[in-house]
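Report on the structure
What follows is the residue order along each chain.
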Amino acid sequence: MRKFFFGATVGLAAICLSGHAWAGKDFDNIKGRGELICGVAANGLAGFMVVDSQGKWTGLDVDVCRAIAAAIFGNAEKVKYVPVSGQQRFLALQSGEVDLLSNNTTWTLSRDTALGLDFGAVTYYDGQGFLVNKKLGLKSAKEMNGATVCIPSGSTTELNIADYVRSLGMTIKTVVIEDMDQIRAAFFTGRCDIYTGDSSRLYSTRAANVPPPAKAEDFIVLPEIISKEPLAPAFRHGDNQFGDIIRWTQYAMIEAEEYGINSKNVDEMLKSDNPSIKRILGVTPGMGKSLGVDEKWVYNIIKQVGNYGESFDRNLGKDSPLKIDRGLNRLWKDGGLQYAPPVR
């Protein structure tokens, strides 16, 4: 009898604990509000988050927000975008001004712990690089001793370059600026010799921000990558359900690509006999219930936003002006790092 009582007590405790972990005021607030509030970069970033000519936000990071809204509401347009600066973004998240950040934020230990944040799956595997004018004749970052370097404030960039030049015994002059438009202006007007930041940001700058009469081909990204910059959406500690929805939204986009499910064929894929595809698309129910969303959550994501590959190609890759190679962001089966746990 004592054994039965002990077992029942443990089981009840487990149920209570899981119920407590499941409950989340952030998710409840979002549902009650009827829209997701997404923090994006104040000055935008081509390919990741930028306002188009119709006043609509587009980009890979924007697609993350849209996909989460599609999972929660069944409507990818139920997102309010709030521009935040690099220095103010974490305060905006901690204060509740935004529900999540999807703005090229690097996942680090201190941000994950000391700032009270959690991170979703990595949306873009990046690394810090260097953009220079060809006329300087630099072929390598190892040749930049004595150079003046523009650095965005409130980022991991400052620490990375300090470690790098120290390790090589070099000295540089740094120009630290918060506003991205001012950084680009300082670089293109010659106030600094080198602009350093995430390589994706450098390619975006070269593609979209070179002022005439200069041309994109006048500038090169040096070959060195000096850091790991896993970029991921950030959200507050304490709401496991909302965190699960964010992570599994991203995983669903990756897994859909792996199974060949895209925005053009998703309706036809509903007829598939493949058990995995039936689970992913909600034909076989259960996955939506586990997350607390509609069983068609993945269908809605793929129909309205697309799979990961579609989003990458449209915003950064072969179908975009940037033409960035997927590199590490290929699927694992294609030699990349994008890998999703199974939706089952």
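Residues numbered from 1 in each chain as written. Predicted model: local features only at pLDDT ≥ 70, side-chain atom pairs only at ≥ 80, totals over all residues. Heavy atoms only, no water.

A few words now on the overall build of the protein chain. Regarding its fold elements, the protein chain presents 14 helices and 14 strands. Against the compact-globule benchmark of 20 Å for 344 residues, the protein chain has a radius of gyration of 22 Å, which places it among compact chains. Counting only C-alpha atoms, the protein chain reaches 80 × 50 × 35 Å along its principal axes. Taken as a whole, the protein chain presents about 16100 Å² of accessible surface, with 54% of it coming from carbon and sulfur. Averaged over its 39 positive side-chain charges, the protein chain has a centre that lies 2 Å from the centre of its 39 negative ones. (Helix = DSSP H or I, 4+ residues; strand = E, 2+ residues; numbered from the N terminus. Rg over C-alpha atoms; globule rule 2.2 N^0.38 Å. Areas by Shrake-Rupley, 256 points an atom, 1.4 Å probe, with all protein chains shown as cover. Lys, Arg positive; Asp, Glu negative; His and termini not counted. Charge placed at Lys NZ, Arg CZ, Asp CG, Glu CD.)

A few words now on the state of the cysteines. Throughout the structure, instances matching the rule amount to two disulfides. Sulfur-sulfur distance for the disulfide between cysteine 150 and cysteine 192 comes to 1.8 Å. Measuring the twist about the S-S bond at about -90°, one finds the cysteine 150-cysteine 192 disulfide to be left-handed. Of this pair, cysteine 150 sits in strand 9 (residues 148-152) while cysteine 192 sits in the loop between helix 7 (180-188) and strand 11 (194-198), and the two are 42 residues apart along the sequence. The exposure class assigned to cysteine 150 is buried, which follows from its relative accessible area of 0%. For the protein chain, the bonded cysteines pair up as 1-2, 3-4 when numbered in the order they occur along the sequence. (Disulfide = S-S within 2.5 Å. Buried < 20%, exposed > 50% of the residue type's maximum accessible area, 1.4 Å probe, protein only.)

The full count for this structure, using the stated rule, is one cavity of 30 Å³ or more. What the largest cavity holds in volume is close to 100 Å³. Around the largest cavity, the lining residues are Leu60, Asp63, Val64, Val122, Thr123, Gln250, Met253, Ile254, Tyr308 and Ser311. Within the residue set of the lining of the largest cavity, elements represented by two or more residues are helix 3 (60-73), helix 9 (240-258) and helix 14 (308-315). Here the residues of the lining of the largest cavity sort into six nonpolar, three polar and one charged. (1 Å grid on protein atoms, 1.4 Å probe; cavity = no way out; pocket = protein on both sides within 12 Å on 5 of 7 lines; lining within 4 Å. Points joined across faces, edges and corners; volume = space filled by probe spheres on them. Nonpolar A, V, L, I, M, F, W, Y, C, P; charged D, E, K, R; others polar.)

It is worth spelling out the nonpolar core at this point. Ile68, Phe242, Ile261, Leu281 and Trp297 are the most contacted members of the largest nonpolar core, which has 60 residues in total. The contact partners of isoleucine 68, leaving out residues within four places of it in the chain, are Leu36, Leu100, Phe242, Ile245, Ile246 and Thr249. Counting residues in each nonpolar core, the second largest holds 16 residues, with Met144, Ile161, Ile194 and Ile226 among its members. (Core = buried A, V, L, I, M, F, W, Y, C linked by side-chain atoms within 4.5 Å. Contact = heavy atoms within 4.5 Å.)

The omega torsion of the bond from proline 212 to proline 213 falls at 10°, within 30 degrees of zero and hence cis. As for its position among the elements, proline 213 is in the loop between helix 8 (199-208) and strand 12 (219-221). At asparagine 104, a residue that is not glycine, the phi angle is positive and equals roughly 60°. Mapping asparagine 104 onto the fold places it in the loop between strand 5 (100-101) and helix 5 (109-113). Notably, lysine 323 is not glycine yet its phi reads approximately 55°, a positive angle. Within the secondary structure, lysine 323 is located in the segment after helix 14.

In terms of burial, strand 9 is largely enclosed, as five of its five residues are buried. Burial along strand 9 is two-sided: Thr148, Cys150 and Pro152 facing one way and Val149 and Ile151 facing the other are all buried. Once you follow strand 9 into helix 6 (residues 157-168) and on to strand 10 (residues 173-177), the crossover reads as right-handed. Sheet topology note: the strand 9/strand 11 ladder contains two bridges and is parallel. By the bridge assignment, valine 149 is partnered in strand 11 with isoleucine 194. (Right-handed = clockwise from strand over helix to strand, strands pointing away. Pairing = 2+ DSSP bridges.)

Before going further, it helps to spend a moment on the packing of aromatic side chains. In total, this model carries 13 aromatic pairs according to the counting rule given. Centroid distance phenylalanine 188 to phenylalanine 219: 5.2 Å. Interplanar angle 85°. Geometry classified as edge-to-face. Of this pair, phenylalanine 188 sits in helix 7 while phenylalanine 219 sits in strand 12; the two residues are 31 residues apart in sequence, bridging distant segments of the chain. For phenylalanine 188, a relative accessible area of 19% gives the class buried. (Phe/Tyr/Trp six-rings, centres within 6.5 Å; stacked < 30°, edge-to-face > 60°.)

In short, shape yes, function no, at least from these values alone.
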